Each structure stands twice: as structure tokens, then as C-alpha cells.
Amino acid sequence: MVRAQRPLVAAVATVAAARIATTALRPRSPVPTPPRGARPGAGRGAIEAESYFTADQLHRVRRYRRPQALLGAGETALQLAVLWRLARRRPAAPATTVAPGEDAAPPVRAPSVAERHPVLAGALAGATTLLATGAAPLPLAALARHRAVRAGLATGTWRLWATDLARAAALEAAAGAALGAGTVALVRRDPTGWWRPAAGVGVGASAALTFAAPLLIEPLFSRSRPVEDEELVADLRAIAGRAGVRLRAVLVSDASRRTTAVNAYVSGFGRSRRVVFWDTLLEGFGARETRMVVAHELSHVVHRDVPRSLVFLALVAAPAAAATAALAELLTPDGAGAPGRTRSGDPLPVSVPAVLLAGAAAGLLPATEMARLSRAIERRADAEALGWTGDPGALIGFFQRIAVTNVGDPDPRGVGRLLHDLLGTHPTVLERIGAAVAHADAHGIALPPAAPVVALPAGAD
Ligand SMILES: [Zn+2]
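Treat the numbers as computed from the prediction; the structure is a model and nothing was measured. (Residues numbered from 1 in each chain as written. Predicted model: local features only at pLDDT ≥ 70, side-chain atom pairs only at ≥ 80, totals over all residues. Heavy atoms only, no water.)

> Looking at this structure, how should I read the overall build of the protein chain?
Looking only at helices and strands, the protein chain has 18 helices and six strands in total. The proportion of buried residues among the 461 residues of the protein chain is 43%. Partitioning the intrachain contacts of the protein chain with sequence separation of at least 6 by distance along the chain shows that 79% fall at a separation of at least 24. (Helix = DSSP H or I, 4+ residues; strand = E, 2+ residues; numbered from the N terminus. Buried < 20%, exposed > 50% of the residue type's maximum accessible area, 1.4 Å probe, protein only. Contact = heavy atoms within 4.5 Å.)

> I tried to follow the environment of Pro 191 on my own but got confused; where do I start?
Take Pro 191: it is sitting in the loop between helix H7 (158–189) and helix H8 (195–216). With relative accessibility at 26%, the residue Pro 191 sits in the partly exposed group. A C-alpha to C-alpha distance of 9.8 Å links Pro 191 and Arg 341, two positions 150 residues apart in sequence.

> When you look at the confidence of the model for the protein chain in this model, what are you seeing that I'm missing?
Low pLDDT means the predicted atomic positions in that stretch should not be read closely. When pLDDT is averaged along the protein chain, the result is 86; 89% of the residues meet or exceed 70. Between residues 38–43, whose pLDDT stays under 50, and residues either more than four places distant or in other chains, the model counts 12 contacts. Under a pLDDT of 50 for its full length, residues 456–461 has, in the predicted model, 13 contacts with residues more than four places off or in other chains. (pLDDT = per-residue confidence, 0-100.)

> Help me out: how do you make sense of the packing of helix H15 (residues 367–389) against helix H18 (residues 429–442) in this one?
Between two packed helices, what matters for the description is the angle formed by their axes and the separation of those axes. In the contact formed by H15 and H18, the axes pass within 10 Å of each other and the chain directions differ by 35°. Crossing of H15 over H18 shows right-handed handedness. Counting all contacts with H15, which are made through Glu 378, Asp 382, Leu 386 and Gly 387, the residues of H18 involved are Arg 432, Ala 435, Ala 436 and His 439. Of the residues belonging to the contact of H15 with H18, the class tally is three nonpolar, two polar and three charged. (Axes fitted to C-alpha atoms, helices over the stretch in contact; angles between N-to-C directions. Left-handed = near helix turned anticlockwise from the far one by under 90°. Nonpolar A, V, L, I, M, F, W, Y, C, P; charged D, E, K, R; others polar.)

> In this structure, what is going on with the pairing of strand S4 (residues 249–253)? I would like to understand it.
A regular strand carries its side chains on alternate faces of the sheet. Burial analysis of S4 places four of its five residues in the buried class, the great majority of the element. Inspection of the sheet shows S4 paired to strand S6 (residues 274–278) by five bridges, in the parallel sense. Within the sheet, the bridge partner assigned to Ala 249 lies in S6 and is Arg 274. (Pairing = 2+ DSSP bridges.)

Spelled out as C-alpha cells, the structure:
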């Protein structure tokens, strides 16, 4: 096969595998969602953002979100530019030592440190590559945070922000070192077929990280404790009983140290599984909304949605690894494959920065399918939460308030809409409100007339 064709073939295989994985893993019973602007019930108006949010609220979120999205795109572009520079770097001329008076003899090249300790050099290359990539967009990230503080969304000091960044950088360096060392070790063993074991190791490492993250990584960025409100816990256990799951750890984390935003999530699996609420949710919302959120999270537990994402990864890992290897080979300048050499003394076919850049590119291939699967899973979680609580009014009120609190666009348009359709992991807030309205109509549940919520969070302009 022509050298340039291999990445293309592997890329097509990755997209096809992602498509198959989405089809195999998506919820069996499709959850009906009324299209935007559709009329879910007889006599009810169309679901329009203007019915649920004031013009001021919509103006405020868009004025905040659009530049924030541009800053995010700028950060990604800078990171890719740094990766590109590092991946395309040509090797320095090899150091040679020539004994005096022996001009005619072929030069004897001293083995470099990288050649003597290739796996260690790979670890160093991986760590420095990811650190440089992470450092490049820092000015843009600081500007984005400044805007978030002004919008009343980010709280906490710049010092805490810097501490978080330092911790994240340490994690990135560790991840880069593991990726670099692993890549060099596998490429040295098998310069052409190294991507096969790499795919297996990658899936295993992702599963281990998903299991360990709640125990090892989350505590670095937030402190959590069991929910103390006994009435709430009893209520949650009752919903869990209805859902048919045993509720293990229900925790509340100190997110308010960093943000006014509201969230809840399930992380880990097996013994590490937990439902975590941000304290901003428990403090700012009533029992009806909290029950709705819990019911939504329980749906993720019932259907094992965390392990499900690992299965998706396992299904696309092999072609994605093949695409990474083929693209990395194409990106690595001749002779720059490094660190180290094959057993027969040839330079390795890929460099560590090229593998990291190629991996980032290959990771985008299944991203759209993964987002599509995620949106379907989230729609099911909302539908089940509505079924278990029978309270669509609470869901509508909750989404109205979090769109305002999180300064999130309930109904992105234009480029924002396109990005959402490609990469959005959740349905839009307006789609979720529409699903709740449709549920109410289908079950004859009376809803108050659609009206915006007017209270803005503290710090809002
Ligand atoms: Zn969810």
C-alpha cells in the first residue's frame, strides 16, 4: 500500500468501527424528542427559547459563550501548533568523535544518551511534549478565566487556579511519561505492528484510570463527603429502589470553592462507583430538582453507562491505534524517529511527539459518533428520571435555572449549533425542556404556562 494511503484506510476503518459501536451500544428503546420548534402537544405553543428565557438572559449567555468558545478554539489551535512543531522537528546532526591523525578512518559515532536509555528518553520526550503543549495556551486560558470571573461563574482565587494548573500539569507530565515510555518500548519490540499491543494497553489503562479516578484524581481537585441530609438520602434511596439499584456512595463535593455552576455526575465503576453532587446544587436547589437530578444519575447507574463508554473505546481502539501509527510514520521526518534505534540499528519509524500529534488527530475520528451515543444516553436518562419522579415541571424549572446559573446557551445557533451537533455530549437545554413538555403531554400531567425564571445569580451583570 502507498505510504500515504495507510492513514486514510485506517481512518475510514476507525469511523466505521465508531459507527458500529454507536449502533450496538445506543439505548434500545429510542426516546422521542420533539424537534426544535415542534409542537409537542395539541394547543401548546412551539418550544422556543424565548418562552423559557428572557431576552436579557439569552443575550447575556451568548455574549459570554461566543467569545469563550473562540478562546477555547484558540487554545486548541495553539496546542496543535506546538505539537506540530515538535513532531516535525528534524534530528540534530549526530555527534561524531574522530581520533586525531586518523582522518581516513570512518567516523566513530558516540551513542547518545537517548540511544543508551531509549525508554527513559521516551518518557522524557512524552512528558516535555505534553508540558509544552499545555503551557502554550495559558495566556488564553487566563483570559477565559478572567471572563468567567466577571460573568460570576468562576469563584476562588487566582492562587487556587494556579495550584489547580500545577496539579494538572503534574498529571499531564506523568501521563506523557507513561505514553512516551510505552510507545518507545512497543516500537522497539515491533517497529511495524506496535499499534496492536498499544491498542490493548490503551484500553486497559483507560479502564484502570476510570476505576481509580474517583479515588486518586478527583481528590486532587475537590473534597467530597457523604450527603448528610437524612431526609434527602432516604428520598434518594426510595428512588433508587424504584430504579432497581443499590445506592452506594452519595457524596457532595466542595465545587463552590471554584465555581457557581451546578452539576452532578456518576464516576468510577464497581466498588469505586459513586454519585457526586456539587454543593452548589444541594445549596441552591430544592428537593424536587435534586430528586430529578438523582433519578437522572441513577439511570446512568442502572444502564452501566460508565463501563459502556469503555466498551465503545474497546471497539474503536484497534483501528484508531492503526491510524495513529500510520499517521505518526507519515509525520515523522526521515531519521527523526526516536528516541533510540531498532535492534538492527535503524532509527525507529516514529517519534514520540509525532505519535502524540497523530493520536490527537485519530482521537477526533470517533468523537462525533461518541457524542451522538452520549446524547442518546442522556436523553434516556432524562426520560427515565421523568418516569420515576413523574415531575416534568421540576425538570423544566431545573434546566431553566441551570442555563442561567451556568451561563450556558440553551439553544445554540450557527457555528455553536454545528459544534453542538458534532461534539455535544448532552442534548441542548431547550431539547431537554421539550422532552419534559412532551412527557407531560403524553401522561396528562398539567404544567404551569411556560415563563422565564427571573432571578439571576449573584455577580450577574
Ligand atoms: Zn447524564
